[in-house]
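As a plain string of letters, each chain reads:
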Amino acid sequence: MTRTEEIRQRLEEAFSPRELEVIDDSEKHRGHAGYQEGGESHFSVKLRTETFEGMSRIARHRAVHDALGKGLISKIHALSLDLQS
């Protein structure tokens, strides 16, 4: 399973989103710090779920990081999050 697939799976399981986009932006960062040959180092995530209703921005980010887990987060150099209820 790729990291992209793993991110998608974990977020779907944790949040049952009505909208989820997971984009591997790694190629845009070729030559920059953290770039890994083959990609899967820089990601953008757009997530819409009712779970976030009433949560602060920081709480939403923490919830996503918790859902992904430390093991997966440690393999990602950059993670851009667009999170809304």
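Here the structure is a predicted model, which means the values were calculated and not measured. (Residues numbered from 1 in each chain as written. Predicted model: local features only at pLDDT ≥ 70, side-chain atom pairs only at ≥ 80, totals over all residues. Heavy atoms only, no water.)

Q: Residue-level account of the packing of helix α1 (residues 3-15) against helix α2 (residues 57-73), with values.
A: Relative to each other, α1 and α2 sit at 140 degrees, their axes nearing to 9 Å. Considering the angle they form, α1 stands oblique to α2. Note that α1 runs across α2; the crossing there is right-handed. The segment α1 lies against α2, with Arg 3, Glu 6, Ile 7, Arg 10, Leu 11, Ala 14 and Phe 15 engaging Ala 63, Val 64, Ala 67, Leu 68, Gly 69 and Leu 72. Residue classes in the contact of α1 with α2 are distributed as nine nonpolar, one polar and three charged. (Axes fitted to C-alpha atoms, helices over the stretch in contact; angles between N-to-C directions. Helix = DSSP H or I, 4+ residues; strand = E, 2+ residues; numbered from the N terminus. Parallel < 35°, antiparallel > 145°, perpendicular 65-115°, else oblique. Left-handed = near helix turned anticlockwise from the far one by under 90°. Contact = heavy atoms within 4.5 Å. Nonpolar A, V, L, I, M, F, W, Y, C, P; charged D, E, K, R; others polar.)

Q: Break down α2 for me, with residues and values.
A: Relative to the 24 Å expected for 17 residues at 1.5 Å per residue, α2 spans just 18 Å between its end C-alpha atoms, considerably shorter than the ideal helical length. In α2, a bend of some 60 degrees at Ala 67 exceeds every other bend along the element. For α2, the complete set of buried residues consists of Arg 60, Ala 63, Val 64, Leu 68, Gly 69 and Leu 72. Tucked inside the fold, the buried residues of α2 contact α1, β2 (42-48) and β3 (78-84). (Expected span 1.5 Å × (residues − 1). Bend = angle between axes of the 7 residues up to and from the residue. Buried < 20%, exposed > 50% of the residue type's maximum accessible area, 1.4 Å probe, protein only.)

So far we have only geometry, and geometry alone does not tell us how the molecule works.
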